[in-house]
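Architecture at a glance
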Amino acid sequence: MDPQRRDLHRRCTLSRSDYANATLPELIRQARSSETSNADLTFIAEKIGEHEMTQDTEVLLCCLAANSSPLVREGAVYGLAPHRGRPGVRFALEHIAATDSSPAVRECAMDALS
């Protein structure tokens, strides 16, 4: 890989150890990247939930809650959980608790609601 491309790749990707110090815009950019693995999306969703919830982050986490991977959906539930007082978040968690195909994700959503 040529040096310019390697530098661009480095600036566009975060390692898991970077998540703890990543800014919200960095986390959002990484979550929207098609190169982000499901395992990484899980950590990112949880970290996004540690920030102040905005309409954009709520939509992003709700989209991740509809991901085909139960691992990502569970991370999204953990990201949504601290914001369960928001009507849209509460609705999403109730929907996940009632309908998700994974028993583990349903249980996680039920726990988030209590």
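Residues numbered from 1 in each chain as written. Predicted model: local features only at pLDDT ≥ 70, side-chain atom pairs only at ≥ 80, totals over all residues. Heavy atoms only, no water.

Counting its secondary structure elements, the chain contains 7 helices and 0 strands. The order of α-helices and β-strands along the chain, N terminus first, is α-α-α-α-α-α-α. Looking at the chain as a whole, 41% of its 114 residues are labelled buried. Taking the intrachain contacts of the chain between residues at least 6 apart in sequence as the baseline, contacts between residues at least 24 apart amount to 52%. Within the structure as shown, the chain displays about 6600 Å² of accessible surface, and the carbon and sulfur contribution to it stands at 53%. (Helix = DSSP H or I, 4+ residues; strand = E, 2+ residues; numbered from the N terminus. Buried < 20%, exposed > 50% of the residue type's maximum accessible area, 1.4 Å probe, protein only. Contact = heavy atoms within 4.5 Å. Areas by Shrake-Rupley, 256 points an atom, 1.4 Å probe, with all protein chains shown as cover.)

At a minimum axis distance of 7 Å, the contact between helix H3 (residues 38-48) and helix H5 (residues 70-80) shows a crossing angle of 5 degrees. With respect to their mutual orientation, H3 and H5 come out roughly parallel. Touching Asn38, Ala39, Leu41, Thr42, Ala45 and Glu46 of H3 are Leu71, Val72, Gly75, Ala76, Tyr78 and Gly79, all from H5. When the residues that make up the contact of H3 with H5 are grouped by side-chain class, the tally is 7 nonpolar, 4 polar and 1 charged. (Axes fitted to C-alpha atoms, helices over the stretch in contact; angles between N-to-C directions. Parallel < 35°, antiparallel > 145°, perpendicular 65-115°, else oblique. Nonpolar A, V, L, I, M, F, W, Y, C, P; charged D, E, K, R; others polar.)

What follows deals with the pattern of salt bridges. Pairing between side chains becomes possible if they bear opposite charge and their charged atoms approach one another. Considering all chains together, one arrives at 4 salt bridges under this definition. Put simply, Glu58 and Arg86 hold a salt bridge, and the shortest N to O gap is 2.8 Å. Taken together, the residues Glu58 in helix H4 (residues 55-64) and Arg86 in the loop between H5 and helix H6 (87-99) connect sequence positions 28 residues apart. Judged by relative accessible area, which is 9%, Glu58 ranks as buried. (Salt bridge = Lys/Arg side-chain N within 4 Å of Asp/Glu carboxyl O.)

Our next topic: the packing of H5 against helix H7 (residues 103-113). The contact between H5 and H7 brings their axes to 9 Å, and the two run at 0 degrees. Overall, the two elements H5 and H7 adopt an arrangement that is roughly parallel. Contact with H5, carried on its side by Pro70, Arg73, Glu74, Val77 and Tyr78, involves Ala104, Val105, Cys108, Ala109 and Ala112 of H7 and no other residues of that element. For the contact of H5 with H7, a count of residues per class yields 8 nonpolar, no polar and 2 charged.

We now examine the side chain of Thr42. Its place among the elements puts Thr42 in helix H3. At 2.9 Å, the side chain of Thr42 forms a polar contact with the backbone oxygen of Asn38. Apart from the residues within four sequence positions on either side, Thr42 is in contact with Leu71, Val72 and Gly75. (Polar contact = N/O pair within 3.5 Å; in protein donor to acceptor, adjacent residues only side chain to side chain.)

To continue, consider the nonpolar core. Counting 29 residues, the largest nonpolar core has Ile48, Leu61, Leu64, Val77 and Leu93 as its most contacted members. Within the residue set of this core, elements represented by two or more residues are helix H2 (24-32), H3, H4, H5, H6 and H7. Per-element accounting of this core gives the leading share, 5 residues, to H7. The residues touching Leu64, leaving out its near neighbours within four places in the chain, are Leu41, Ala45, Val72, Arg73 and Ala76. (Core = buried A, V, L, I, M, F, W, Y, C linked by side-chain atoms within 4.5 Å.)

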